[in-house]
Amino acid sequence: MRYAYTVAQTRALENATMATVGEATLMQRAAHGLAGRAADLLARTRGTVYGSRVMIVVGPGNNGGDALYAGQRLARRGCSVTAVRALGRPHPDGLAALLAAGGRLVDGGGLSVDDLAGVDLVVDGLLGIGGRPGLPADVLALTAAATVRGLPVLAVDLPSGVVSDTGQAPSGSVHATRTVTFGCYKPGHLIEPAASRCGRIELVDIGLDLGGTVPALAAWDPDDVATHWPFPGPTSDKYARGVVGLDTGSDAYPGAGVLSTHGAVYGGAGMVRFLGAQRSAEIIARDLPNVVFGDGRVQCWLVGSGWGERADGDRAVADRVASGLPLVIDADGLRHLPDRLPGTVLLTPHAGELARLLQCERGDVTADPVAAVRSAADRTGATVLLKGATQLVATAGTETVEVAVPGPAWTGQAGSGDVLGGLCAAVLAAGVGARTAAVLAASVQAMTAARFVGPLPPQELARHCATVIGELGRGPGGRRGEHR
Ligand SMILES: NC(=O)C1=CN([C@@H]2O[C@H](COP(=O)(O)OP(=O)(O)OC[C@H]3O[C@@H](n4cnc5c(N)ncnc54)[C@H](O)[C@@H]3O)[C@@H](O)[C@H]2O)[C@@H](O)CC1
Ligand SMILES: Nc1ncnc2c1ncn2[C@@H]1O[C@H](COP(=O)(O)OP(=O)(O)O)[C@@H](O)[C@H]1O
Ligand SMILES: [K+]
């Protein structure tokens, strides 16, 4: 699990540490870690650190200060270090240290891309957590040219231009090969589109005490998924694995009923009971003979996928809420929400559906998805899974938002959401709480798309989910996860 902290939290944590060790010490720790990672990168790409040419692009704040002090260390190790003044006045003490170690300073204004010739590494020390969107055009041209030439670009703390708290990456943000961050991860490291601008991220310990601060985000990795997945134990029967009841699909959209059923079956439900559209039922009866039809025991409901317009939608949702069972409300079911829901109910909107729920524009959701998903959870009382390139889960009254394991964009296709609804229901039916179930299901779908890369239709990816879950169960985390 990786935890991320907002700019305000990071500054408070840094201030608390600086109160005991002093500001200069913190920056020296950051610079030490940064220089070490830069040297590793040079050793790997060039074979040697000594004699390397390093260009450091610096801005006016402490981010540039980190970069300049790291430059001082690299210069002492025999690198030829040039600092480019790209924005404002560089950190005075950091610059003095670099110059004293034999580095030089040039003005960014007069530079052209030809000045990148012979450079082995570009260090982006323009802006860190104090950055605002909008880099000058000449700075953008220089860093973009470095990326185009295939030069390694090492971002200090964050690729400049990205928004630390929201994960936005305005066009022209730096595209780093690697990012070295200090003390803690920031949301921008974990949320798309900024996350993809970071390259590999390395965390340098600068002695922050994270203990008393509730993180803004908790990002899961595959081992966490293996640890929490509800694998059946030796004596599990179908009811221990759980019965999923589905009211999904419509005569207009029968496929959604079929796909959500695939999600529940291949997500590991002990029994799947389909009570949705007749046209869906006919296909399911042919393709999935293990599915049952007609009333009977249910341990978790999934409603809404592929409903389209449904005159009795309010009643259909209200009845399932009244059952008190775990419940997933997807897609068109989200048009029929009561004012208040319990946290055991899981809503699975994409950005457009969440915008409708919050009565705002889709752009408002994508501009700050963490705030949007939190707000939806607080307003409805339910647990909310926001789908998209980054899948976020929020529960009312809980500050930390969970981030599912990411996967490739191949998942972004019609029908994937229906499968995901079924996966969520399968995990809920096994007795896992809504928040954890949502992260597990979203992660497994993404991990499956990563393991079977390509334009596979959602029903095929659903089948492969079973393979990925099986593989998770064989790993060390999986054995720990055996639950009954
Ligand atoms: N505070 C600390 O104790 C530590 C800070 N560290 C480093 O310091 C960074 C934060 O330092 P700062 O708070 O100085 O912030 P930054 O270094 O990110 O830069 C802030 C400065 O840039 C200007 N600026 C922001 N966006 C701009 C834009 N688009 N165009 C032009 N100018 C812009 C601001 O007006 C301000 O002067 C971290 O990201 C990290 O790299 C590390 O040294 C660790 C310790
Ligand atoms: N860029 C992306 N990268 C990875 N996964 C994505 C991306 N875009 C969408 N997804 C995932 O694809 C699925 C699409 O769901 P949804 O939009 O509800 O589709 P539908 O309703 O047509 O089934 C969700 O699981 C979502 O998280
Ligand atoms: K930076």
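Residues numbered from 1 in each chain as written. Chains lettered and ligands numbered in written order. Predicted model: local features only at pLDDT ≥ 70, side-chain atom pairs only at ≥ 80, totals over all residues. Heavy atoms only, no water.

*Asks:* Before we move on, can you summarise the site of ligand 1 with the specific residues and values?
*Replies:* Residues in close proximity to ligand 1 total 23 residues, the closest being N62, D66, G128, R132 and D157. At 3.0 Å from an oxygen atom of ligand 1 is found a side-chain nitrogen or oxygen belonging to R11. At 3.0 Å, a backbone N or O of G130 approaches an oxygen atom of ligand 1. In this structure, ligand 1 is accommodated by the second largest pocket. Sorting the residues of the shell around ligand 1 by element identifies helix 1 (7-21), helix 2 (23-46) and helix 3 (62-76) as the ones contributing at least two each. (Near = heavy atom within 4 Å. Polar contact = N/O pair within 3.5 Å; in protein donor to acceptor, adjacent residues only side chain to side chain. 1 Å grid on protein atoms, 1.4 Å probe; cavity = no way out; pocket = protein on both sides within 12 Å on 5 of 7 lines; lining within 4 Å. Sits in = over half its atoms within 2 Å of the grid points. Helix = DSSP H or I, 4+ residues; strand = E, 2+ residues; numbered from the N terminus.)

*Asks:* With reference to specific residues and values, describe the packing of helix 9 (residues 254-266) against helix 15 (residues 416-429).
*Replies:* The angle between the axes and the distance between the axes are what describe a pair of packed helices. Axis separation between helix 9 and helix 15 bottoms out at 6 Å; the angle between their running directions is 40°. With respect to helix 15, the axis of helix 9 lies oblique. The handedness of the crossing between helix 9 and helix 15 is right-handed. Facing helix 9, whose interface residues are A256, L259, S260, G263 and A264, helix 15 presents D418, V419, G422, L423 and A426. Here the contact of helix 9 with helix 15 is composed, by residue class, of six nonpolar, three polar and one charged. (Axes fitted to C-alpha atoms, helices over the stretch in contact; angles between N-to-C directions. Parallel < 35°, antiparallel > 145°, perpendicular 65-115°, else oblique. Left-handed = near helix turned anticlockwise from the far one by under 90°. Contact = heavy atoms within 4.5 Å. Nonpolar A, V, L, I, M, F, W, Y, C, P; charged D, E, K, R; others polar.)

*Asks:* Give a detailed account of the site of ligand 2, specifying residues and quantitative values.
*Replies:* What surrounds ligand 2 is a group of 18 residues, the closest being K387, G388, Q391, G415 and G417. At 3.3 Å from an oxygen atom of ligand 2 is found a main-chain nitrogen or oxygen belonging to S416. When ligand 2 sits alone it has 570 Å² of accessible area, and the protein chains cover 79% of it. Judged by the proximity of its atoms to the pocket grid, ligand 2 belongs to the largest pocket. The dominant element in the shell around ligand 2, judged by the number of residues it contributes, is helix 15, at four residues. In the shell around ligand 2, the residues fall into five nonpolar, 11 polar and two charged. (Areas by Shrake-Rupley, 256 points an atom, 1.4 Å probe, with all protein chains shown as cover.)

*Asks:* Before we move on, can you summarise the pattern of salt bridges with the specific residues and values?
*Replies:* Counted according to the given criterion, the structure contains 13 salt bridges. When the shortest N-O distance is used, the salt bridge between R37 and E202 registers 2.7 Å. In this pair, R37 sits in helix 2 while E202 sits in strand 8 (residues 200-204), placing the two residues 165 residues apart along the sequence. Looking at R37, the relative accessible area reads 23%, which means it is partly exposed. The partner of D107 in a salt bridge is R85, and the shortest N-O contact between them spans 3.6 Å. In this pair, D107 sits in strand 4 (residues 104-107) while R85 sits in strand 3 (residues 80-85), placing the two residues 22 residues apart along the sequence. Connected through shared salt-bridge partners, R37, R178, R200 and E202 make up one network. (Salt bridge = Lys/Arg side-chain N within 4 Å of Asp/Glu carboxyl O. Buried < 20%, exposed > 50% of the residue type's maximum accessible area, 1.4 Å probe, protein only.)

*Asks:* Please give an account of the layout of surface pockets that cites residues and values.
*Replies:* Each pocket or cavity is described by its volume, and for the largest pocket that value is around 540 Å³. Lining the largest pocket are 24 residues, with K387, G388, T411, G412 and S416 sitting closest to its centre. When contributions to the lining of the largest pocket are tallied by element, the ones reaching two or more residues are helix 15 and helix 16 (434-451). Of all the elements, helix 15 adds the most residues to the lining of the largest pocket, at four residues. Counted by class, the lining of the largest pocket contains eight nonpolar, 11 polar and five charged residues. Taken as a whole, the second largest pocket spans an internal volume of roughly 440 Å³. (Points joined across faces, edges and corners; volume = space filled by probe spheres on them.)

*Asks:* With reference to specific residues and values, describe the sheet that holds strand 11 (residues 271-274).
*Replies:* Strands sit in the order 1-9-18-17-16-15-14-13-10-11-12 across an open sheet of 11 strands; the sheet is mixed. The open sheet is flanked by strand 1 (2-4) and strand 12 (292-293), the only strands paired with a single partner. Taken strand by strand, helix 14 (residues 369-380) contacts strand 9 (217-219), strand 15 (345-348), strand 16 (383-386), strand 17 (392-395) and strand 18 (401-403), and its axis lies near 35° from that of strand 17. Helix 16 contacts strand 15, strand 16, strand 17 and strand 18 of the sheet and is inclined by roughly 175° relative to strand 17. (Pairing = 2+ DSSP bridges.)

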